[in-house]
Amino acid sequence: MWGYIHLISWVAIVLLTVVALVIYPKSTKSFTMLQMINRVFYILVILSGIMMVQYSVEQSWILAIFKILMGIIVIGVVEMLLSYRKSQKPTGMFLMIFVIVIVITVSLGFYLSGGYPLFN
C-alpha cells in the first residue's frame, strides 16, 4: 500500500510541477494553488518513504541513504524551480537539474526494489 502512495505521489509531483511551469504566465493564482498541492504531496512522499525505508535498507543501506538524499534534493529542486519561475528568473538550470535528479532517484528506486517499485 505504501508503495502505491509513494509512486502516485511522485508522479503527481512531477505532473503538477510541469503544469505549474506551463501555466504560470497565464494564471498566477492557479500557479500558487498547484504549488500548495505539490507541498501536500511532499508530505505524502516523505511519510510513505519512511514507511518503506526498511525494504531499501535490506538491499543496500548505502544506496538507500543515497536515494533518500536524492529524494530530498528533488523536493528542493522543485521548490527552487517554482520559486524562480514565480519571481521570473531564468529556470533553465533548475529544469536540467530536475530532470537529472528525477532520473537518478527513479533508477535507484527501481534498483532497490528489485525492479518492482511497489514492494508487493
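Quick caveat: nothing in here was measured; it's all calculated off a predicted structure.

Novice: I'm lost on the packing of helix 2 (residues 28–59) against helix 3 (residues 61–86) in this one. Help?
Specialist: For any two helices packed against each other, one specifies the inter-axial angle together with the distance between the axes. One can describe the packing of helix 2 onto helix 3 by two numbers: an axis separation of 9 Å at closest approach and a directional angle of 175 degrees. Regarding the angle of helix 2 to helix 3, the classification is roughly antiparallel. Contacts between helix 2 and helix 3 pair Phe31, Thr32, Gln35, Asn38, Arg39, Tyr42, Ile46, Val53, Ser56, Val57 and Gln59 from the former with Trp61, Ala64, Ile68, Ile75, Val78, Glu79, Leu82, Ser83, Arg85 and Lys86 from the latter.

Novice: I'm lost on a nonpolar patch on the surface in this one. Help?
Specialist: Nonpolar side chains collect at one region of the surface, where Val57, Trp61, Ile62, Ile65, Ile68, Leu69, Ile72 and Ile73 lie side by side and expose about 780 Å² of accessible area between them. Among the elements that take part in the nonpolar patch, helix 3 stands out by supplying seven residues, more than any other. Following the sequence through the fold, Ile65 ends up in helix 3. Here Ile65 falls in the partly exposed class, since its relative accessible area comes to 43%.

Novice: Can you help me understand helix 3 in this one?
Specialist: Each full turn of the α-helix corresponds to 3.6 residues, which orients residues three or four apart in the same direction. Taking 1.5 Å as the rise per residue, helix 3 with 26 residues should run 38 Å; its terminal C-alpha atoms sit 38 Å apart, in good agreement. Every buried residue belonging to helix 3 is among Ala64, Lys67, Met70, Gly71, Val74, Ile75, Val77, Val78, Leu81 and Leu82, and all of these are buried. For helix 3, the secondary structure elements touched by its buried residues are helix 1 (2–23), helix 2 and helix 4 (92–112). Positive backbone phi, at 60 degrees, marks Gln88, one or two positions downstream of helix 3.

Novice: Can you help me understand the pattern of salt bridges in this one?
Specialist: It is possible for side chains bearing opposite charge to pair when their charged atoms get close. Per the stated rule, a full pass over the model turns up one salt bridge. Note that Glu79 is salt-bridged to Arg39, the shortest N-O span being 2.8 Å. Of this pair, Glu79 sits in helix 3 while Arg39 sits in helix 2, and the two are 40 residues apart along the sequence. Residue classification places Arg39 among the partly exposed residues on the basis of a relative accessible area of 30%.

Cut-offs applied
Residues numbered from 1 in each chain as written. Predicted model: local features only at pLDDT ≥ 70, side-chain atom pairs only at ≥ 80, totals over all residues. Heavy atoms only, no water. Axes fitted to C-alpha atoms, helices over the stretch in contact; angles between N-to-C directions. Helix = DSSP H or I, 4+ residues; strand = E, 2+ residues; numbered from the N terminus. Parallel < 35°, antiparallel > 145°, perpendicular 65-115°, else oblique. Contact = heavy atoms within 4.5 Å. Patch = residues over 30% accessible without salt bridge, like charges linked within 9 Å, V, L, I, M, F, W, Y side chains within 5 Å. Areas by Shrake-Rupley, 256 points an atom, 1.4 Å probe, with all protein chains shown as cover. Salt bridge = Lys/Arg side-chain N within 4 Å of Asp/Glu carboxyl O. Buried < 20%, exposed > 50% of the residue type's maximum accessible area, 1.4 Å probe, protein only. Expected span 1.5 Å × (residues − 1).

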